[in-house]
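What follows is the residue order along each chain.
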Amino acid sequence: KKIKNDWDNAASKNNIKESHQQIKSHNTGSLQNLYYLDIIKKNQPKKQSIWLDVCCGSASNSLFISEKFDCFSIGFDLSLKRLQIAKQKNKILKTNVEFINADLFHMPFKNNIFDGIIAMQSLSDYKLDEQKKILKNLKDFLIDGGSFILSDANLKNSSNYNLLGMEKYLEILNEIGYSKITGEGWGGKNFQILWRVRNRILRRILKNNIKLLKKIESRYNSLLFCIGNFEKKSNKKSFFFHIIGIK
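Criteria and thresholds
Residues numbered from 1 in each chain as written. Predicted model: local features only at pLDDT ≥ 70, side-chain atom pairs only at ≥ 80, totals over all residues. Heavy atoms only, no water. Helix = DSSP H or I, 4+ residues; strand = E, 2+ residues; numbered from the N terminus. Buried < 20%, exposed > 50% of the residue type's maximum accessible area, 1.4 Å probe, protein only. Contact = heavy atoms within 4.5 Å. Patch = residues over 30% accessible without salt bridge, like charges linked within 9 Å, V, L, I, M, F, W, Y side chains within 5 Å. Areas by Shrake-Rupley, 256 points an atom, 1.4 Å probe, with all protein chains shown as cover. Salt bridge = Lys/Arg side-chain N within 4 Å of Asp/Glu carboxyl O. Lys, Arg positive; Asp, Glu negative; His and termini not counted. Charge placed at Lys NZ, Arg CZ, Asp CG, Glu CD. Axes fitted to C-alpha atoms, helices over the stretch in contact; angles between N-to-C directions. Parallel < 35°, antiparallel > 145°, perpendicular 65-115°, else oblique. Left-handed = near helix turned anticlockwise from the far one by under 90°. Nonpolar A, V, L, I, M, F, W, Y, C, P; charged D, E, K, R; others polar. 1 Å grid on protein atoms, 1.4 Å probe; cavity = no way out; pocket = protein on both sides within 12 Å on 5 of 7 lines; lining within 4 Å. Points joined across faces, edges and corners; volume = space filled by probe spheres on them. Pairing = 2+ DSSP bridges. Right-handed = clockwise from strand over helix to strand, strands pointing away.

I'd like a description of the overall build of the protein chain, backed by residues and values.
In terms of regular secondary structure, the protein chain is built from nine helices and seven strands. A total of 247 residues make up the protein chain; the buried ones form 46% of that total. At a minimum sequence separation of 6, the contacts of the protein chain that also span at least 24 residues come to 75%.

This is how it looks when you write it as structure tokens:
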């Protein structure tokens with residue numbers, strides 16, 4: 001219940017809506033949006049395949065997969081308010097996406113039905129044993145040969161989130177039996193310096209002018225994205241990471 005309330009409140013506080021241009025271009029201006037869509041593009045979902053977007057939020061990833069790759073997607077989230085935002089965006093895009101409001105411990109799916117599952121910053125609200133259970137259930141939902149894509153910040157636990165890091169997730173996916181697992185870090189030393197500049201200086205200076213902050217931050221994030229791509233790393237020193245597991 002606390003997780004649901006936290007995300008409902010976050011959705012309510014996000015009072016700057018994406019423009020029609022942002023929705024149609026699938027570019028929200030956020031760094032994570034640029035990174036996650038790049039991961040999806042590089043993995044090329046097959047036409048007419050079926051994908052699940054875990055904790056989809058406003059469904060940027062689900063909508064992108066459906067429109068750009070002609071797939072059927074299901075956006076799954078605990079927060080009804082975030083799903084309402086997703087549905088409004090889909091009224092513009094008219095993609096082949098369905099939205100389901102439920103929690104990760106009561107997912108209403110049969111086994112062996114999804115060609116792919118994405119979990120982008122989706123699990124860190126949950127404790128280690130809960131994450132292991134969720135990851136096992138998600139694997140069961142995949143068809144043989146199906147792809148599971150996981151991405152998050154490559155950091156240790158914080159006071160707010162249960163961040164496990166790339167190495168731990170690689171270990172867990174191996175334990176639950178994926179046949180092939182690859183991981184890639186993203187964003188090295190220079191990226192992390194500029195990330196701190198954005199968070200500690202830029203956001204403080206413009207905290208009273210949110211619209212201007214969003215405009216400038218969108219351009220700054222494009223720069224960060226380029227640097228992050230240049231500083232890809234295979235070790236735990238990276239800032240973000242993504243893992244692909246094949247069932």
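Hey, could you go over a positive patch on the surface for me, with residue numbers and the actual values?
A surface patch of positive charge is lined by Arg-196, Arg-200, Arg-204 and Lys-207. Overall, Lys-207 belongs to the exposed group, its relative accessible area being 56%.

How would you explain the packing of helix 4 (residues 60-69) against helix 5 (residues 80-93) if you had to name every residue and give the values?
Interhelical geometry of helix 4 versus helix 5 gives an angle of 25 degrees and a closest axis separation of 10 Å. By the angle between their directions, the pair helix 4 and helix 5 is classed as roughly parallel. Between helix 4 and helix 5 lies a crossing of right-handed hand. Of the residues in helix 5, those in contact with Ser-60, Leu-63 and Glu-67 of helix 4 are Ala-86, Lys-89, Asn-90 and Leu-93. For the contact of helix 4 with helix 5, the per-class residue count stands at three nonpolar, two polar and two charged.

Which residues make up the layout of surface pockets, and what are the values?
Approximately 220 Å³ is the volume attributed to the second largest pocket. Lining the second largest pocket are Asn-43, Gln-44, Pro-45, Lys-46, Ser-49, Trp-51, Asp-115, Ile-143, Asp-144, Gly-145, Gly-146 and Ser-147. A per-element tally of the lining of the second largest pocket places strand 5 (residues 142-153) first, with five residues. For the lining of the second largest pocket, a count of residues per class yields three nonpolar, six polar and three charged.

Account for the pairing of strand 5, with residues named and values stated.
Looking at chain direction, strand 4 (residues 114-120) and strand 5 are connected through six bridges and run parallel. Bridging from a neighbouring strand, Gly-116 pairs with Ser-147 of strand 5. Taken together, strand 4, helix 6 (residues 128-141) and strand 5 form a β-α-β motif whose crossover is right-handed. One ladder, built from seven bridges, connects strand 5 with strand 7 (residues 240-246); its direction is antiparallel. The partner of Ala-153 across the bridge, within strand 7, is Phe-240.

Which residues make up a nonpolar patch on the surface, and what values go with them?
A surface patch of nonpolar side chains, amounting to about 340 Å² of accessible area, comprises Ile-193, Val-197, Ile-201 and Ile-205. By the element assignment, Ile-205 lies in helix 8 (residues 189-205).

Describe the sheet that holds strand 1 (residues 50-54), and please don't skip the residues or the numbers.
With respect to topology, seven strands assemble into an open sheet ordered 3-2-1-4-5-7-6, the strand pairing being mixed. Edge positions in the open sheet fall to strand 3 (97-101) and strand 6 (180-186), since each of these has one partner strand only. Averaged over all pairs of adjacent strands, the angle between their axes in this sheet comes to 15 degrees, without regard to strand direction. Direction of pairing for strand 2 (residues 72-77) relative to strand 3: parallel, over a ladder of five bridges. Considered in strand 3, the bridge of Ser-73 is made with Val-97. Helix-sheet contacts for helix 3 (residues 31-43) involve strand 4, strand 5, strand 6 and strand 7, and the interaxial angle to strand 7 is about 30 degrees. Here helix 4 sits on the sheet in contact with strand 1, strand 2, strand 3 and strand 4, set at roughly 175 degrees to strand 2.

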